[in-house]
Amino acid sequence: MEQTTKEILFNKAKEARKEAYTPYSHYQVGAALLCADGQIFTGCNIENAGHTPACCAERTAFFKAVSEGVREFCAIAVVAGPEGGDLVWTTPCGVCRQVMMEFCEYETFEIYLGTGAEDCKCYTLKELLPHGFGPKNLDF
Ligand code: THU
């Protein structure tokens, strides 16, 4: 049977999570970002002894894509959980939501959160970042 887009994204996010570098929080996150041209970029969280240079899985995926010239995105799936433990429900941090605001359609970009395609909730960026400030606010 063919996999749905959601299943593909969750599988890729789980695969990406295996590369998470989390010696400080031991909380591992994986993300899979679907681009308008059909490409999928993945990311994991990458921590740092200096703490502030850490990067979330979502931003890793976005920055990989943007650095390859991609600017249009449809959806992202995110999975998370403690190292060696079961996946738990998670939600993107405020900084990642703001990065989404820069590159994604406010009312249509879909954010899948959960432990898998069968156990997830879908939100638009508008739902997760109401009254967001984005590039359109600087269109004057
Ligand atoms: N983290 C993510 O990568 N994405 C999220 O959606 C939430 C939090 C990371 C940041 C840090 O490495 C660890 O999870 C604990 O906050």
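Residues numbered from 1 in each chain as written. Predicted model: local features only at pLDDT ≥ 70, side-chain atom pairs only at ≥ 80, totals over all residues. Heavy atoms only, no water.

Okay, the pattern of salt bridges next. This model, assessed by the stated rule, comprises two salt bridges. Between Lys-18 and Glu-15 there is a salt bridge, with its nearest N and O atoms 3.1 Å apart. A relative accessible area of 60% means that Lys-18 is categorised as exposed. Here Glu-15 falls in the partly exposed class, since its relative accessible area comes to 47%. The partner of Glu-107 in a salt bridge is Lys-126, and the shortest N-O contact between them spans 3.6 Å. Of this pair, Glu-107 sits in the loop between α3 (94-103) and β4 (110-116) while Lys-126 sits in helix α4 (residues 125-128), and the two are 19 residues apart along the sequence. (Salt bridge = Lys/Arg side-chain N within 4 Å of Asp/Glu carboxyl O. Buried < 20%, exposed > 50% of the residue type's maximum accessible area, 1.4 Å probe, protein only. Helix = DSSP H or I, 4+ residues; strand = E, 2+ residues; numbered from the N terminus.)

What follows is about the layout of surface pockets. In this structure, the largest pocket occupies an estimated 300 Å³ of space. Contributing to the lining of the largest pocket are 16 residues, with Phe-103, Cys-104, Glu-105, Tyr-106 and Lys-136 lying nearest its centre. It is α3 that provides the largest number of residues to the lining of the largest pocket, a total of three residues. For the lining of the largest pocket, a count of residues per class yields eight nonpolar, three polar and five charged. (1 Å grid on protein atoms, 1.4 Å probe; cavity = no way out; pocket = protein on both sides within 12 Å on 5 of 7 lines; lining within 4 Å. Points joined across faces, edges and corners; volume = space filled by probe spheres on them. Nonpolar A, V, L, I, M, F, W, Y, C, P; charged D, E, K, R; others polar.)

Before going further, it helps to examine the site of the ligand. Lining the immediate environment of the ligand, one finds Ser-25, Tyr-27, Val-29, Asn-45, Glu-47, Cys-56, Ala-57, Glu-58, Thr-91 and Pro-92. Within the backbone of Ala-57, a nitrogen or oxygen atom sits 2.9 Å from an oxygen atom of the ligand. Separating an oxygen atom of the ligand from a side-chain N or O atom of Glu-58 is a distance of 2.5 Å. Within the complex, the protein chains bury 78% of what would otherwise be the 370 Å² of accessible surface of the ligand. (Near = heavy atom within 4 Å. Polar contact = N/O pair within 3.5 Å; in protein donor to acceptor, adjacent residues only side chain to side chain. Areas by Shrake-Rupley, 256 points an atom, 1.4 Å probe, with all protein chains shown as cover.)

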